[in-house]
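# Structural overview
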Amino acid sequence: MSVFYTECIWFQPKIDLSPPLVPTLRRRDPAKLSLDRSVRSVSAPPLPYANGNSMATYSLTAIIVGGFPIGESDKVVSMFSSERGLVRAVAKGAKKPGTKMSGKAEALCVNKMLVAKGRSLDIITQAESVCTFRNLRADLVRLTHALYYAELTQAFGEGLEEESELFYQVLFNSLHMQEAAVADARLLSLEFEMFLLRQLGVSPELQVCIKCRRPLTEYNITVFFSELGGIGCDKCGRSSSTSGARVAERNFDAYDAEYEERGIFVTPLVWKMLVNADATCDELALPESLTRRRPAYTEAQSPALDAAHRLMQRNLESRAGKKMRTLDLLKQY
Ligand SMILES: [Zn+2]
């Protein structure tokens with residue numbers, strides 16, 4: 001696994017910031033995913049300040065997932081932390097090139113931080129770079145998929161506080177896997193989407209018909225119903241689908257308008273890809289996931305992979321009530 005961490009820039013900490021970068025993981029019943037609570041850290045004690053007052057602070061290990069400028073030189077960053085889930089805080093001087101904070105407040109940077117409680121917004125008082133994913137930034141396609149993870153995390157992160165340690169680890173591992181190119185970028189995104197849907201408690205129904213509960217096989221699957229969150233059998237799908245054959249593997253965008261209403265036709269290969277990703281997404285938090293062999297899809301199978309991933313993207317978008325725009329960037333190339 002060390003190969004995946006070689007690009008990480010690790011500075012000797014000047015301050016003792018717990019918890020460890022990679023929390024201890026242990027296997028559990030996949031149906032009840034959770035991390036060992038005993039590794040959860042305790043907030044750092046308040047630090048004395050120059051004016052003699054003490055200010056409440058807390059420590060974080062967090063991945064920057066977004067931000068916007070505030071004032072002339074500062075930024076408000078959104079970050080997903082192992083300890084507190086999604087946190088927003090001011091990064092002073094982050095907008096000015098060359099400042100200590102500017103390189104640490106960029107999207108996907110991982111830092112250990114001390115954050116001071118503020119009246120309206122908390123303020124980052126110290127930050128140490130853990131990892132910048134430098135190689136990921138040199139690959140436009142993979143970087144875009146990684147930024148898509150960040151966009152999803154911003155959209156859904158507030159509902160993930162309870163499992164913040166687990167989600168942080170999965171996000172961290174998923175970024176490493178994109179950087180190390182362990183599999184097709186879309187396959188890795190599909191696994192991440194499946195994991196996120198599971199964490200949100202809305203895993204798609206792929207084993208039995210979402211309407212009549214008949215077991216699904218490659219011979220009786222028809223459409224994916226987004227609002228129901230699952231696939232319909234031939235009987236139930238046919239009654240809802242009236243405009244003839246619509247294949248999810250082609251012209252996906254053309255179906256957007258009628259997607260919510262009628263669902264999208266799912267081919268057996270798309271269905272199998274969804275089933276596989278659903279079965280393996282549990283393992284994303286484990287170190288083994290970084291080196292697990294994944295199927296290599298041929299050129300002919302590529303549209304099916306595209307369709308499976310975008311089907312789950314649409315599923316998440318309908319849950320979020322908005323479009324995820326990051327991956328649209330790839331259409332321009
Ligand atoms: Zn049915």
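Residues numbered from 1 in each chain as written. Predicted model: local features only at pLDDT ≥ 70, side-chain atom pairs only at ≥ 80, totals over all residues.

### A few points about the overall build of the chain
Here is the rule we go by: Elements are defined by DSSP. Helices are runs of H or I of four residues or more, strands are runs of E of two residues or more, and each kind is numbered from the N terminus. Any residue surrounded by 20 or more other C-beta atoms within 10 Å of its C-beta is treated as buried, while 12 or fewer makes it exposed and the intermediate range makes it partly exposed; C-beta atoms here are placed from the backbone. C-beta atoms are placed from the backbone for every residue, and two residues are taken to be in contact when these atoms lie within 7 Å.
Within the chain, the secondary structure is distributed over seven helices and ten strands. Counting all 333 residues of the chain, 40% fall into the buried class. Of all intrachain contacts in the chain linking residues separated by at least 6 positions in sequence, the fraction that spans at least 24 positions is 62%.

### Details of the nonpolar core
The cut-off we apply is this: In plain words, the nonpolar core is the set of buried Ala, Val, Leu, Ile, Met, Phe, Trp, Tyr and Cys residues that C-beta atoms within 7 Å link up. The source of the domain bounds is an automatic or database domain assignment.
Ile63, Phe80, Leu171, Val266, Val270 and Ala308 are the most contacted members of the largest nonpolar core, which totals 80 residues. For this core, the element with the most residues is helix α3 (residues 185-199), which contributes nine residues. Formed jointly, this core draws a minimum of three residues from each of two domains, domain 1 (2-131) and domain 2 (182-333).

### Re the packing of α3 against helix α6 (residues 268-280)
We count it as follows: Think of each axis as a best-fit line through the C-alpha atoms, taken over the contacting stretch in the case of a helix, with angles from 0 to 180 degrees between the N-to-C directions. Helix crossings are classified by the rotation of the near helix relative to the far one: an anticlockwise turn of less than a right angle makes the crossing left-handed, while a clockwise turn makes it right-handed. Amino acid classes used here: Ala, Val, Leu, Ile, Met, Phe, Trp, Tyr, Cys and Pro are nonpolar; Asp, Glu, Lys and Arg are charged; the rest, including Gly, are polar.
In contact at an axis separation of 8 Å, α3 and α6 are set at 60 degrees when each is read in the N-to-C sense. Crossing handedness for the pair α3 and α6: right-handed. On α6, the residues that touch Leu190, Glu191 and Met194 of α3 are Met273, Ala277, Asp278 and Thr280. Among the residues forming the contact of α3 with α6, the class breakdown is four nonpolar, one polar and two charged.

### So, the sheet that holds strand β9 (residues 230-233)
Defined as follows: In short, DSSP must find at least two bridges between two strands for them to pair.
What the three strands build is an open sheet, ordered β9-β8-β10; its pairing is antiparallel. Both outer strands of the open sheet, β9 and β10 (264-265), are each paired with one neighbouring strand and no more. Bridging between strand β8 (residues 221-225) and β9 involves three bridges; their strand directions are antiparallel. Bridged to phenylalanine 224 within β9 is isoleucine 231.

### What to know about the environment of threonine 99
By the element assignment, threonine 99 lies in the loop between β5 (85-91) and β6 (110-116). Between the C-alpha atoms of threonine 99 and serine 73, which are 26 residues apart in sequence, the distance is 9.9 Å.

### A look at the sheet that holds β5
Judged by pairing direction, the barrel is mixed, and its five strands sit side by side in the order β3-β4-β5-β7-β6 before closing back on the first. Shown here is a sheet whose adjacent strand axes are inclined to one another by a mean of 50 degrees, direction ignored. Both β5 and strand β7 (residues 122-131) contribute to a ladder of two bridges, which runs parallel. Paired with alanine 89 across the two strands is aspartate 122, which belongs to β7. Here helix α1 (residues 140-156) sits on the sheet and contacts β3 (57-70) and β4 (74-81); the angle it forms with β3, its principal contact strand, is near 105 degrees. Its contacts with the sheet place helix α2 (residues 164-180) against β3, β4, β5 and β6, and it is angled at close to 105 degrees to β4.

### Topic: the pairing of β8
Among the five residues that make up β8, five are buried, leaving the element largely enclosed by the rest of the structure. In sequence, β8 turns back onto β9 through a hairpin of four residues, with glycine 229 there showing a positive phi of about 75 degrees. Relative to β10, β8 runs antiparallel, the two being bridged by two bridges. Following the sheet pairing, valine 223 is matched in β10 by phenylalanine 265.

### Some remarks on the pairing of β7
Of the strand pairs in this sheet, β6 and β7 are connected by seven bridges, and their pairing is antiparallel. Within β7, the position partnered with methionine 113 by the bridge is alanine 127.

### Here we look at the packing of α6 against helix α7 (residues 302-320)
What counts, and what does not: An angle below 35 degrees is read as roughly parallel, one above 145 as roughly antiparallel, one from 65 to 115 as roughly perpendicular, and any other as oblique.
Where α6 meets α7, the axes come as close as 9 Å, and the angle between the chain directions of the two elements is 55 degrees. The angle between α6 and α7 places the two elements in the oblique class. Crossing of α6 against α7: the hand is right-handed. Of α7, the residues touching α6 (which contributes Leu269, Val270, Met273 and Leu274) are Ala304, Leu305, Ala307, Ala308 and Leu311.

### Section: α6
Filter applied, for reference: Given a helix with a known number of residues, its expected span is that number minus one, times 1.5 Å.
With 13 residues, α6 extends 18 Å from end C-alpha to end C-alpha; this agrees with the ideal 18 Å at 1.5 Å per step. The secondary structure elements touched by the buried residues of α6 are α3, β8, β9 and α7.

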